[in-house]
Amino acid sequence: MTDQNNSPAEAMFDKALDIAEKHLEAAMKEGGPLSSYVAVAMIEAAVNQAVEETSHADVVDMLRDLASQIEQDAEEED
């Protein structure tokens, strides 16, 4: 659920993430034993599509932010 303190951009991203997760889950289910490959292939397809919609620089910035978030989550788990 969307946090009431989110900016409009964060709320839009949260909605987009909900949509993406729903479709990813369906694709992984369809992929069966290939589900881990499907998940990685979805990343590649999404990056390629995002570059067409925005720019290489925007996508690189978003991926750097995502990598930082992943690293921070991993550190918090340890």
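The model shown is predicted, which means the values in this text are computed figures rather than measured ones.

J.: Got a sec to walk through the overall build of the chain? Specific residues and values, please.
T.: Helix and strand counts for the chain stand at 3 helices and 0 strands. For the chain, the α and β elements follow one another from N to C terminus as α-α-α. For the chain, the spread of C-alpha atoms along the principal axes amounts to about 40 × 35 × 25 Å. Taking all 78 residues of the chain together, the buried fraction comes to 6%. Here the chain has roughly 6,800 Å² of accessible surface; of this, 57% comes from carbon and sulfur atoms.

J.: Give a detailed account of the environment of D73, specifying residues and quantitative values.
T.: With respect to the helices and strands, the residue D73 is situated in helix 3 (residues 56-77). When the C-alpha positions of D73 and A11 are compared, they lie 21 Å apart, and in sequence the two are 62 residues distant.

J.: Which residues make up a nonpolar patch on the surface, and what are the values?
T.: A surface patch of nonpolar side chains, amounting to about 260 Å² of accessible area, comprises L63, L66 and I70. Note on placement: L63 falls in helix 3.

J.: So, the confidence of the model for the chain: which residues are in play, and what are the values?
T.: Averaged over all residues, the pLDDT of the chain equals 91, while 94% of them reach at least 70. Across the chain, the element-wise mean pLDDT spans from 93 in helix 3 up to 95 in helix 2 (residues 35-53).

J.: So what about a negative patch on the surface? Which residues, and what values?
T.: Together, E71, D73, E75, E76, E77 and D78 make up a region of like negative charge exposed at the surface. Here E77 falls in the exposed class, since its relative accessible area comes to 69%.

J.: Which residues make up the environment of A20, and what are the values?
T.: Along the chain, A20 falls in helix 1 (residues 8-31). Judged by its relative accessible area of 40%, A20 is partly exposed. In sequence terms A20 and A46 are 26 residues apart; their C-alpha atoms lie 9.7 Å from each other.

J.: Kindly report on the packing of helix 1 against helix 2, identifying the contributing residues and their values.
T.: Look at helix 1 against helix 2: their axes get within 8 Å of each other, and the N-to-C directions meet at 140°. Here helix 2 runs oblique to helix 1, going by the angle between their axes. As helix 1 packs across helix 2, the resulting crossing turns out to be right-handed. Packed against helix 1, whose contacting residues are H23, L24, A27, M28 and G31, the element helix 2 presents S35, V38, A39 and M42 at the interface.

J.: So, helix 1: which residues are in play, and what are the values?
T.: Relative to the 34 Å expected for 24 residues at 1.5 Å per residue, helix 1 spans 34 Å between its end C-alpha atoms, a close match to the ideal helical length. Of the residues trailing helix 1, G32 is marked for its positive phi of about 55°.

Cut-off values and rules
Residues numbered from 1 in each chain as written. Predicted model: local features only at pLDDT ≥ 70, side-chain atom pairs only at ≥ 80, totals over all residues. Heavy atoms only, no water. Helix = DSSP H or I, 4+ residues; strand = E, 2+ residues; numbered from the N terminus. Buried < 20%, exposed > 50% of the residue type's maximum accessible area, 1.4 Å probe, protein only. Areas by Shrake-Rupley, 256 points an atom, 1.4 Å probe, with all protein chains shown as cover. Patch = residues over 30% accessible without salt bridge, like charges linked within 9 Å, V, L, I, M, F, W, Y side chains within 5 Å. Salt bridge = Lys/Arg side-chain N within 4 Å of Asp/Glu carboxyl O. pLDDT = per-residue confidence, 0-100. Lys, Arg positive; Asp, Glu negative; His and termini not counted. Charge placed at Lys NZ, Arg CZ, Asp CG, Glu CD. Axes fitted to C-alpha atoms, helices over the stretch in contact; angles between N-to-C directions. Parallel < 35°, antiparallel > 145°, perpendicular 65-115°, else oblique. Left-handed = near helix turned anticlockwise from the far one by under 90°. Contact = heavy atoms within 4.5 Å. Expected span 1.5 Å × (residues − 1).

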